[in-house]
Amino acid sequence: MSLTYERRIQLLALAAGLPGSAIALILLWTGDFSSRTAWTLTLLIVGLWSGFAISVRHRVVFSLQTLSNLLAAMREEDFSVRARGARRDDAMGEVMIEVNSLSETLREQRLGALEASALLRTVMEEIDVAIFTFDNENKLRLVNRAGERLLARPTERLLGFTAGELGLGASLEGEPARTMELTFPGGSGRWGMRRGSFRQAGLPHHLVVLSDLSRALRDEERQAWQRLIRVMGHELNNSLAPIQSVAQSLESSLHFLNMQNAKAEASSSLLDDIRQGFGIIRSRTEALARFMAAYSRLARLPAPKLAPVNVREWVCRVAKLETRVKVNVNEGPDITIPGDADQLEQLLINLLHNAADAVLESGSSAKIGWARQDSQLHVWVLDDGPGIQNTANVFVPFFTTKPGGTGIGLALSRQIAEAHGGTLTLENRRGEKGCEARLRLPL
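Everything numeric in this text was worked out from a predicted model, so none of it was measured.

J.: Help me out: how do you make sense of the overall build of the protein chain in this one?
T.: When helices and strands are counted, the protein chain shows 9 helices and 12 strands. Looking at the protein chain as a whole, 34% of its 443 residues are labelled buried. Contacts in the protein chain between residues at least 24 apart in sequence constitute 59% of all its contacts with a sequence separation of at least 6. For the protein chain, the exposed surface amounts to about 26600 Å²; the carbon and sulfur share of it is 56%.

J.: Could you clarify how one ought to interpret the sheet that holds strand E11 (residues 423-428) in this entry?
T.: In any sheet, the strands associate via hydrogen bonds between backbone groups, in a parallel or an antiparallel arrangement. Pairing is mixed across the open sheet formed by 5 strands, whose spatial order is E7-E9-E10-E12-E11. Across the chains shown, the open sheet's two edge strands, defined by having one partner strand only, are strand E7 (327-330) and E11. Neighbour to neighbour, the strand axes of the sheet diverge by 15° on average, direction disregarded. Looking at chain direction, strand E9 (residues 366-373) and strand E10 (residues 376-382) are connected through 7 bridges and run antiparallel. Bridged to Ile-368 within E10 is Val-381. Sitting on the sheet, helix H7 (residues 311-321) touches E7, E9, E10 and strand E12 (435-442), and the angle it makes with E9 is about 170°.

J.: Just to check I follow, could you spell out the sheet that holds strand E1 (residues 130-134) for this structure?
T.: Strand order in the open sheet formed by 5 strands is E2-E1-E5-E4-E3, with antiparallel pairing between adjacent strands. Of all the strands in the sheet, the pair left with one neighbour each is strand E2 (140-143) and strand E3 (177-184). On average, adjacent strands in this sheet sit at an angle of 30° to one another, irrespective of strand direction.

J.: Looking at this model, I keep getting lost on the packing of aromatic side chains. Mind explaining?
T.: How two aromatic rings sit relative to each other is set out by the distance from centre to centre and by the angle between their planes. Overall, the coordinates contain 2 aromatic pairs when judged by the stated rule. Their ring planes at 80° and their centres at 5.1 Å tell us that Trp-29 and Trp-39 sit as a pair that is edge-to-face. In this pair, Trp-29 is assigned in helix H1 (residues 5-30) and Trp-39 in helix H2 (residues 35-75), connecting sequence segments 10 residues apart. Looking at Trp-29, the relative accessible area reads 41%, which means it is partly exposed. When the ring of Phe-184 is compared with that of Trp-191, the centres are 5.8 Å apart and the planes differ by 85°; the resulting orientation is edge-to-face. Assigned by exposure class, Phe-184 and Trp-191 land together as buried. For Arg-153, the ring lying beneath its charged end belongs to Phe-161, and the centroid distance is 5.2 Å.

J.: Could you clarify how one ought to interpret the pairing of E10 in this entry?
T.: On any regular strand, side chains alternate: one points to one face of the sheet, the next to the other face. Among the 7 residues that make up E10, 7 are buried, leaving the element largely enclosed by the rest of the structure. In E10, alternate side chains face the same way, and those of Gln-376, His-378, Trp-380 and Leu-382 on one face and Leu-377, Val-379 and Val-381 on the other are all buried. Hairpin geometry of E9 and E10 is characterised by an intervening segment of 2 residues between the two adjacent antiparallel strands and by a positive phi of about 55° at Asp-374. Here E10 runs beside E12; their pairing, made up of 7 bridges, is antiparallel. Of the residues in E12, the one forming a bridge with Trp-380 is Arg-438.

J.: Where do I start with the nonpolar core in this structure?
T.: Across soluble globular proteins, nonpolar side chains show a tendency to be buried alongside one another. Judged by nonpolar contacts, the single largest core of 32 residues is most densely connected at Trp-314, Ile-337 and Leu-348. For this core, the leading source of residues is helix H8 (residues 341-359), giving 6 residues. Ile-337 has contacts with Ala-307, Pro-308, Val-309, Val-311, Trp-314, Leu-344, Leu-377, Leu-441 and Leu-443, leaving out every residue within four places of it along the chain. The next biggest cluster of nonpolar side chains, apart from the first, holds 19 residues, and it includes Ala-130, Met-180, Leu-182 and Met-193.

Criteria and cut-off values
Residues numbered from 1 in each chain as written. Predicted model: local features only at pLDDT ≥ 70, side-chain atom pairs only at ≥ 80, totals over all residues. Heavy atoms only, no water. Helix = DSSP H or I, 4+ residues; strand = E, 2+ residues; numbered from the N terminus. Buried < 20%, exposed > 50% of the residue type's maximum accessible area, 1.4 Å probe, protein only. Contact = heavy atoms within 4.5 Å. Areas by Shrake-Rupley, 256 points an atom, 1.4 Å probe, with all protein chains shown as cover. Pairing = 2+ DSSP bridges. Axes fitted to C-alpha atoms, helices over the stretch in contact; angles between N-to-C directions. Phe/Tyr/Trp six-rings, centres within 6.5 Å; stacked < 30°, edge-to-face > 60°. Lys NZ or Arg CZ within 6 Å of the ring centre and 35° of its normal. Core = buried A, V, L, I, M, F, W, Y, C linked by side-chain atoms within 4.5 Å.

Now the structure itself:
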């Protein structure tokens, strides 16, 4: 059985003092000393010899234990422990100084890594693109806040699911950078997808980044037609105002002239035709003025002024405003959301008005309700009308299928929804007649 390091040190210390102690004891017992003196000095020599050997062992073992504690603290990532009394003029002191320097270096590196990690986490949380990481089994291991909103579930209900279960299976196949048409609980449309790979704990992982291209394209489109509307509004208003004024003046003059020449049938007939023409001019200029006023309102929608909005009061208040058809309200939970009450009310009025138009001839009712799904509020408006023939143009400004419509209601509604950080979709109901408008707002 091999001796421990401490036992070897102690034996070496005893061996170092053995020659001197042995010679002293021989001289003591062979000399002319009394028995009492001999035994007293013998005990003193043996005691000092053993004491020094134990002291040597303690000093060596204590220094090594101190060094071991420092290394253990560094292994546990505790870099605050330091060796005291370290000096440059002895070997063990130099070792302690180097260990202290190593601990300080590791502390600074760890602090820098923590700060960089905190910055990375903050950027990931605040960036307006969805970020996902999957392990080698295609299971989700990391998701940021935008990814939670996109999948409409909190992180704890997403981690561990496979990419296929989350609707992201296509993002792990094919070209690493491309545009994709995807539909998620929190939004749908065109997405820019980029995929990369990295290794963690020696295992390969995939990084998937999704950016919503639809909103950016719509923003560019909206800015373009807003500029166009401002130019058109300016030019048309400059022309319509004098035309309308002149038409009204001429119509009044012709009416007076007609009164003066009431007996002349031919003149009366001609004057009636002229008056009818001017009436048409006036009515069309008024319609154009209303048309441009509506589009100017769309182009100048202000930023929402957020305040607490009670969903039940909001939905029920709008439902009571629609009096042409019966509106059934499917109440959900009592929820308060941040929003601009006036804009949200206008949004819901537009949706319910469209639903009422769809069922007006059939005499059936419209339905409106809300529910909470994870971190989002879902408000839906249903009808059982004829449905939408061309769903691609429902949110396009200027496009309308209604006689006398301006085609801004849905475009304005979607603009309000996106200004509140939400989405608005309008599609035909599956398996049933009619269409469904669904508004999603963050809680």
